[in-house]
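Descriptive analysis of the structure
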Amino acid sequence: MRYWLMKSEPDDVSIDDALAQQVVAWVGVRNYQARNFMRDLMQVGDGVLFYHSSCAEPGIAGLAEVASTSYPDPSQFDPKSPYFDPKAKPEQPRWMLVDVRAKRKTPLINLAQLRSEPELAEMVVLKRGNRLSITPVSAAEWRMILKLADVK
DNA sequence: GCCAACGTTGGC
DNA sequence: GCCAACGTTGGC
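Conventions used here
Every chain begins its residue count from 1, and numbering advances along the sequence as written. Each chain takes a letter, starting from A, and each ligand takes a number, starting from 1, following the order in which they are written. With the structure being a predicted model, the display of local features is reserved for residues of pLDDT at least 70 and the display and counting of side-chain atom pairs for 80 or more, all residues being used for whole-chain, interface and lining totals. The basis for every side-chain value is the complete set of non-hydrogen atoms in the structure, without hydrogens or water. Per the convention used, a helix needs a DSSP run of H or I reaching at least four residues, while a strand needs a run of E reaching at least two, with both numbered from the N terminus. Three exposure classes are used, based on accessible area relative to the maximum for each residue type with a 1.4 Å probe and protein chains only: buried under 20%, partly exposed in between, and exposed over 50%. As used throughout, the charge tally considers Lys and Arg to be positive and Asp and Glu to be negative, leaving His and the chain termini uncounted. Basic side-chain nitrogens of Lys or Arg form a salt bridge, by our definition, when they fall within 4 Å of a carboxyl oxygen of Asp or Glu. By definition in these notes, contact holds between two residues if any of their heavy atoms fall within 4.5 Å. By this definition, two strands are paired if DSSP reports at least two bridges between them. Note on method: axes are straight lines fitted to C-alpha atoms, helices fitted across the in-contact stretch only, with angles between N-to-C directions ranging 0 to 180 degrees. Each residue is tested against the molecule or strand, and it is near if at least one of its non-hydrogen atoms lies within 4 Å. Within 3.5 Å is the distance limit for a polar contact, defined as a pair of N or O atoms, with the added protein rule that one can donate a hydrogen and the other accept it, and that residues adjacent in sequence qualify only through two side-chain atoms. In the scheme used here, Gly and all other residues not listed as nonpolar or charged are polar, with Ala, Val, Leu, Ile, Met, Phe, Trp, Tyr, Cys and Pro taken as nonpolar and Asp, Glu, Lys and Arg as charged.

Let's shift gears to the side chain of Asp46. Looking at the secondary structure, you find Asp46 in the loop between helix 2 (32-41) and strand 3 (47-52). Buried charge Asp46 goes without a salt bridge, the closest partner of opposite sign being Arg2 at 5.8 Å. In this structure Asp46 touches Met1, Arg2, Trp4, Leu41, Ala64, Glu65 and Val66, once residues within four positions along its chain are discounted.

The strands making up a sheet are joined through hydrogen bonds of the backbone, oriented either antiparallel or parallel. The sheet built from six strands is open, its strands ordered 2-7-4-3-1-8 with mixed pairing. Lying at the two open borders of the sheet, with one neighbouring strand each, are strand 2 (23-25) and strand 8 (134-137). Within this sheet the neighbouring strands show an average axis-to-axis angle of 40°, counted without direction. By the bridge criterion, six bridges tie strand 3 to strand 4 (residues 59-66) in an arrangement that is antiparallel. In the sheet register, His52 faces strand 4, and the bridge partner there is Gly59. Docked against the sheet, helix 2 engages strand 1 (3-8) and strand 8, running at close to 55° with respect to strand 8.

Moving on, we come to the protein's contact with DNA strand C. In the vicinity of DNA strand C, the contacting residues are Tyr32, Arg128, Gly129 and Arg131. Backbone atoms, meaning sugar and phosphate, make up 75% of the atoms of DNA strand C lying within 4 Å of the protein. Here a base oxygen of DNA strand C sits 2.6 Å away from a polar atom, N or O, in the side chain of Arg131.

Time to look at the environment of Trp4. Along the chain, Trp4 falls in strand 1. A residue is classified by how much of its surface remains accessible, and Trp4, at 1% relative accessible area, is buried. Discounting residues that sit within four places of it in the chain, Trp4 has contacts with Phe37, Leu41, Met42, Asp46, Gly47, Val48, Leu49, Val66, Ile134, Thr135, Pro136 and Val137.

Moving on, we come to the protein's contact with DNA strand B. Surrounding DNA strand B, one finds Lys7, Tyr51, Ser53, Ser54, Pro58, Leu111 and Arg131. For DNA strand B, the backbone portion of the atoms within 4 Å of the protein, that is sugar and phosphate, comes to 72%. In the model, a phosphate oxygen of DNA strand B is placed 2.7 Å from a nitrogen or oxygen of the Lys7 side chain. Between DNA strand B and Arg131, the relevant distance is 2.4 Å, taken from a base oxygen to a side-chain nitrogen or oxygen of the residue. Its residues assigned to classes, the surface near DNA strand B shows three nonpolar, two polar and two charged.

Pasting the structure below:
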């Protein structure tokens, strides 16, 4: 059982969209490290912090969980998709994804709040220059964030 | 295999 | 829109 932070642009898929759909396939990850997290480490039931990025109010916006093991991201094979990858072949896919089940919205925890918590100082997502869209979260960080979100 | 150029991310 | 930081590409 692991914990993760997964970034989504709310203009694309917000926590509200995810809750409405219940389960979303996490399409479009095109970074090998993030792919490897999904492919090699994620297991059904892992905790997910749903993070809004590239928007007016970046921060943690909800809670979710990993709902499948990994499988090929179908968008890599679709020439009409912005995520199309001409080098990917169905018999040898490059990009994998998992399904994510949205669980609940939280009061938005913004970056200033996250940075103000000494216990969260080592969070990967807060590290300078970090651009990874999926980052590991420790059990202690997870508990701290549930506390900040006032989740019992 | 090096590394400069280029593209992308994402907060501000 | 700016720009720092970082990943990827491709010529050599």
